[in-house]
Amino acid sequence: MENFRSKASDLERYIFMVALQDRNETLFYRAVVDHLAEMMPIIYTPTVGEACSRFGHIFRRPRGLYISAEDRGRIAEVLRDWPEPEVGVIVVTDGERILGLGDLGTYGMGIPIGKLALYTACGGVRPSLCLPITLDVGTDNPALLRDPLYTGLLQQRLRGQAYTELVDEFIAAVTEVFPGALVQFEDFATENAIGLLARYRDQICTFNDDIQGTAAVTLAALLVSGRATGRTFTDERLLFVGAGASATGIADLCCTALQKAGLGEEEARRRIWLFDSTGLVVAGRPGLRVHKRRYAHEHAAVTALPDAVRDVRPTALIGVSGQPQIFSRPVVEAMAEVNERPVIFALSNPTSRAECTAEQAYDWTSGRAVFSSGSPSGVVVVGGRRYVPSQTNNAYIFPGLGLAVVAVGGRRVTENMFLAAARALAEQADEGLLREGALFPPLQRIREVSLRIA
């Protein structure tokens, strides 16, 4: 820990921990588990974003398994080269939408590696059961195609039928070589993320963490925030800024939770609104993608976010846009106008992509906001009052869910599992910390949280 803390930057600390994981895995996990609050921002968000953007330049030793577009016809053979005969959890990405950073191609391997480290550190899943995989289907990032240290195929991304056939072969190979393994899709672009989940969710044991894990942890945050605002969940009115896979995933789970709380399906949908790069998502807008249509309501077009807040009058503003500072002062002040206790979640990560900071949310609402972020926020003092904002971090959900699936040999991952996980997490909120703004238990308790969820 002395060596770790002496490093000059978070990226240097990340490199130090990767080297430790390579040479002494037991010590790596002991250090991470004993210092979770200090380690998680280094081995995962936000530092992992910087590490991925420079992955080829900080490369030391290979970790994980790469399956390229050139492996078609022999993917099962490639999987059999993995030295561990028993695999319980696979995290796979194609690197097209890494955090809020976009297409990083095979540099996105840092994400499956980091996620699986958290399966062990936060959920107690044995490291040998964990397999990180990157599907190398090329990249459309011109900077990477010019990068002499880029680790992947120097070609444009595979699309269409060829892409679908590659993923189909990959899934078939996994079920043949590692039958029963949980497959977690991670950081795929919106269309592929939604399409692949729909294609495989009823065939194999799988989920998409960006869609379903994010949904569960955000639902848990909304359930807990009701204790601070005095509202029940059926009182909430949600406005999502960003209308991709994460936004619609959260919306779908919240819609299900509202129905289970007693609302009809149409009434539940009416409580949920989307705002994308064009403006408020409304019925009749031409060219709406399928995943947006179910939350497109009858309303005049609105292009300015402060106006949308005043029109829709949401109780909760949820940022999953990847657009830094889109929650400007006029937006946050509009939320404070229409709510005594506005809920403001700036969930995009890494920190450079956050919709606003905790300090801004508290300052511009005179301390009335219930705030949470996607990346870690430090203690904030506004108006002489101390706030300890929580990170709405998927690590509160997926390790416990993965532990459960591995432990019982689960055959499918269902929507009700994510509802149960969200409720179990919400039940563990600390009332004392809630008064200071923290919605979730401290990270030091995350293994206990994961076990409860499992």
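Above this note sits the structure.
Keep in mind it's a predicted model, so treat the numbers as computed, not measured.

1. Considerations on the overall build of the protein
Part 1: If you tally the helices and strands in the protein, you get 21 helices and 14 strands.
Part 2: Across its three principal axes, the protein shows a C-alpha extent of roughly 60 × 55 × 45 Å.
Part 3: When the 454 residues of the protein are sorted by exposure, 59% land in the buried category.
Part 4: In the protein, once contacts between residues fewer than 6 apart in sequence are set aside, the share between residues at least 24 apart is 73%.
Part 5: Looking at the protein as shown, the accessible area adds up to about 17,700 Å², and 48% of this sits on carbon and sulfur atoms.
Part 6: Taken together, the 47 basic and 52 acidic charged side chains of the protein have centroids lying 3 Å from each other.

2. What to know about empty space enclosed by the protein
Part 1: As enumerated under the stated definition, the model contains 2 cavities of 30 Å³ or more in all.
Part 2: Empty space within the largest cavity amounts to approximately 170 Å³.
Part 3: Forming the boundary of the largest cavity are Tyr 14, Ile 15, Val 18, Asp 22, Phe 55, Ile 58, Phe 59, Arg 60, Arg 61, Arg 63, Tyr 66 and Ile 113.
Part 4: Within the lining of the largest cavity, the residues separate by chemical class into 8 nonpolar, no polar and 4 charged.
Part 5: Considered as a void within the structure, the second largest cavity measures approximately 70 Å³ in volume.
Part 6: Looking at the second largest cavity, the residues that line it are Tyr 14, Met 17, Val 18, Gln 21, Phe 28, Ile 43, Val 48, Gly 110, Ile 113, Gly 114 and Ala 117.
Part 7: Counting only elements with at least two residues in the lining of the second largest cavity, the list comes to helix H2 (10–23) and helix H7 (110–123).
Part 8: A class-by-class count of the residues in the lining of the second largest cavity yields 8 nonpolar, 3 polar and no charged.

3. A look at the side chain of Gln 360
Part 1: Tracing the chain through its elements places Gln 360 in helix H17 (residues 358–364).
Part 2: The class for Gln 360 is buried, based on a relative accessible area of 19%.
Part 3: A polar contact is formed between the side chain of Gln 360 and the backbone nitrogen of Thr 357, at a distance of 2.9 Å.

4. With respect to the pairing of strand E10 (residues 343–346)
Part 1: Burial of E10 is two-sided: the residues Val 343 and Phe 345 facing one way and the residues Ile 344 and Ala 346 facing the other way are all buried.
Part 2: Direction of pairing for strand E9 (residues 316–319) relative to E10: parallel, over a ladder of 4 bridges. Paired with Gly 319 across the strands is Ala 346, a residue of E10.
Part 3: What joins E9 to E10 is helix H16 (residues 329–338), and the crossover it makes is right-handed.
Part 4: Bridge analysis of E10 against strand E11 (residues 370–373) gives 4 bridges, and the strand direction is parallel. Across the sheet, the residue bridging to Ala 346 is Ser 373, located in E11.
Part 5: In this view, the connection linking E10 to its parallel neighbour E11 by way of H17 has right-handed handedness.

Definitions and cut-offs
Residues numbered from 1 in each chain as written. Predicted model: local features only at pLDDT ≥ 70, side-chain atom pairs only at ≥ 80, totals over all residues. Heavy atoms only, no water. Helix = DSSP H or I, 4+ residues; strand = E, 2+ residues; numbered from the N terminus. Buried < 20%, exposed > 50% of the residue type's maximum accessible area, 1.4 Å probe, protein only. Contact = heavy atoms within 4.5 Å. Areas by Shrake-Rupley, 256 points an atom, 1.4 Å probe, with all protein chains shown as cover. Lys, Arg positive; Asp, Glu negative; His and termini not counted. Charge placed at Lys NZ, Arg CZ, Asp CG, Glu CD. 1 Å grid on protein atoms, 1.4 Å probe; cavity = no way out; pocket = protein on both sides within 12 Å on 5 of 7 lines; lining within 4 Å. Points joined across faces, edges and corners; volume = space filled by probe spheres on them. Nonpolar A, V, L, I, M, F, W, Y, C, P; charged D, E, K, R; others polar. Polar contact = N/O pair within 3.5 Å; in protein donor to acceptor, adjacent residues only side chain to side chain. Pairing = 2+ DSSP bridges. Right-handed = clockwise from strand over helix to strand, strands pointing away.

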